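Understanding the architecture of this molecule
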Amino acid sequence: MQLGLSVSDSDVSSFTPLVVLELADDTKAEAITWLLNRIRDKQKIGGAELLVDQLLFPAQDGQKSNPNVFVVGSTLQRLLKGAEDVGLFKEFQDGIMRGFTYANRESFKDFYGDGEGFLSDAECQYIIKHELDTLRAKNEEHVPGYPKVKLYPGKSVVRRLQSKGVLVQYFPLHNKEDLKRLSFSWYKKIKLSFQPLDDIRHYFGEGLALYFGFLEYFTFALVPMALIGIPYYLFDWEDYDKYVLFAVFNLVWSTVFLEVWKRCSATFAYGWGTLSRKKAFEEPRAGFHGALGFNPITGREEPVYPSSKRQLRIYLVSVPFVLLCLYLSFYVMMVYFDMENWAISVYNENPNFGTGILLFVPSIIYAVVIEIMNLLYRYAAEFLTNWENHRLESSFQNHLVLKVLVSLATLLITSQILNQVMEAFLPYWLQRRRNKKVHKRMRRVMGDKELPLLEQVQLETEMNTYLGTFDDYLEQFLLFGYVSLFSCVYPLAAVLVVLNNITEVYSDAFKMCHVFKRPFSEPAANIGVWQLAFETMSIIAVVTNCALIGLSSQVKAYFPESETQMILIVVAIEHVLLAFKFILAFVIPDVPKDIQVKLAKLEFDSLEALKKRKILEAVET
């Protein structure tokens, strides 16, 4: 952890600000005092035992700034003990990743002196977030100053304040020096090399590092498909055997690609200490609501919502709505095909410059309409998923993924360039305009006096919030659909996706460093539900490619009199390819052998330690 920031030039506080906590500007004084005391209180009396200071911004343009902005930090000892609480895994002296314990801290590799630099910035901020999230109400019946904001023993204080709008936001601060170094090694130099994944993980955490690792792996894995697709496209091969050969290679590639990625992600996760890490008990979502009941797992009171009601909402409302939207998307696609045929017929009857331009009009209209429909559908999908009232954030995300993926067929046709402009450069341009205004206000108010932390916090509070890797994985999923479903009929699909992903690496890196607030680290051992989504797509690709082969004129020429026989043969080939795909997936281990040995050794050592403990307890009694 780099101890380089100070709260102000007057050095009113000696701790490193790691997290910004912003309350509503009209928050009651008693609520603020209560919250700050709970954050500062010792752990043994139910506090978080963290350090917190208030930031006082000067008035700007005659308008009073929000006085309720605070920075949160921690002592190094508290962070090290917190690392044990959250279950961090670190490399032991014997080279095996083991759960960190404060008592054995000096037995871990890279722990020197008092442990300065042992924890990464992302880990320190994650620990503080964990301590804030697990700050629980004791005997309070409501938040002081807010009689209607009810509390009960064991309720997460931060989540309650968030759901009621008292807590506006809390986020980790950027470290300007570390960000500058990361930006230089990551995207500021155009170079053909691997991304600095360890540095990304150190700064942003395992979840984002794993996404960029997947993006890099996917791009390199597409190179063989691209190299085969280029001559296939240029020489316009019509030979049936070569057509089938390309389709079979496509199917084998998609299977090997996903199975080898499992091994790569296992290697990343083991080295980063997340493969063996126990998943922390997941707290209810801030928006989850229901009658107060008893949780048999935690032994605490918390809202309870009947699963039967949730299932009724899903199957009687959400599913019909999704099917209706899917029908509308296909209907719009059929209208587009009709418009395309009309434009072609007009051009064939009277070919000139005007009718030539007319050929592009249906595609332009369709792209715009689909983009608007997708935007509206995304809002509706989020609203319905929230209305279903899922208790856990992971469940919420999984159901949202399922809803959004049904619009795959129409999303595949939209422009990836437009997506990159909308997701990176447009927000960056808007953010730069806001930053300039803030800079001018601060300079006008403070003159030559520099308050770097105040200015940094002011800028970052107004930056966009990064909402997670959902949209990033969705885009890669759609591109995988391009290649696995349609590369046989359009061999250059892999080439275009490689070019897209090269620019995607730089645009995504750029937006993480300069467009969004720094996100909290999200420990991850794999890409989660997206692995299942990609594998499902690869199975669908078998059916699609076999259907494309069956529809080709070359295949039909082999069966001029018996279409039924042709269908049976194509279905048989499909089943053989599916069987081969599953055998291949079974043969390739998900975890490399050397990591399997280390995991087995860790489990053996844990069992031996448990036996010794039981023997000692038996001797003592």
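In the annotation of an unreviewed UniProt entry, the entry for the protein chain reads Anoctamin, and the organism field reads Cyprinus carpio. Taken verbatim from the UniProt record of the protein chain, the Sequence similarities (unreviewed entry) comment is "Belongs to the anoctamin family." Within the UniProt record for the protein chain, the comment given under Subcellular location (unreviewed entry) is "Membrane".

Now for the sheet that holds strand β2 (residues 51–55). Read from one edge to the other, the open sheet built from four strands follows the order β2-β3-β1-β8, with strand pairing classed as antiparallel. In this open sheet, the two strands that pair with only one neighbour each are β2 and β8 (167–172). Here the strands of the sheet are splayed against their neighbours by 20° on average, with no regard to which way each runs. Judged from the five bridges that link them, strand β1 (residues 19–23) and β8 form a sheet pairing that is antiparallel. Within β8, the residue paired with L23 across the bridge is L167. In this fold helix α1 (residues 29–40) packs onto β1, β2 and β3 (69–73), with an angle of close to 155° to the strand it touches most, β1.

In the predicted model, the protein chain carries a mean pLDDT of 81, and 84% of its residues have values of at least 70. Under a pLDDT of 50 for its full length, residues 413–426 has, in the predicted model, 33 contacts with residues more than four places off or in other chains. Every residue in residues 441–451 is under pLDDT 50, and counting partners more than four places away or in other chains gives 19 contacts.

Examined against the element boundaries, L492 turns out to sit in the loop between α16 (470–486) and α17 (493–514). The sequence separation of L492 and Y232 amounts to 260 residues, and the corresponding C-alpha distance is 8.6 Å. Leaving out residues up to four positions away in the same chain, L492 has contacts with G229, I230 and Y233.

This part takes up unusual backbone geometry. The phi angle at E49 is positive, at roughly 55°, despite the residue not being glycine. Among the secondary structure elements, E49 is positioned in the loop between α1 and β2. Judged by its relative accessible area of 27%, E49 falls in the partly exposed class.

Conventions we followed
- Residues numbered from 1 in each chain as written.
- Predicted model: local features only at pLDDT ≥ 70, side-chain atom pairs only at ≥ 80, totals over all residues.
- Heavy atoms only, no water.
- UniProt positions renumbered as here; feature names shortened; annotations may be inferred.
- Pairing = 2+ DSSP bridges.
- Helix = DSSP H or I, 4+ residues; strand = E, 2+ residues; numbered from the N terminus.
- Axes fitted to C-alpha atoms, helices over the stretch in contact; angles between N-to-C directions.
- Contact = heavy atoms within 4.5 Å.
- pLDDT = per-residue confidence, 0-100.
- Buried < 20%, exposed > 50% of the residue type's maximum accessible area, 1.4 Å probe, protein only.

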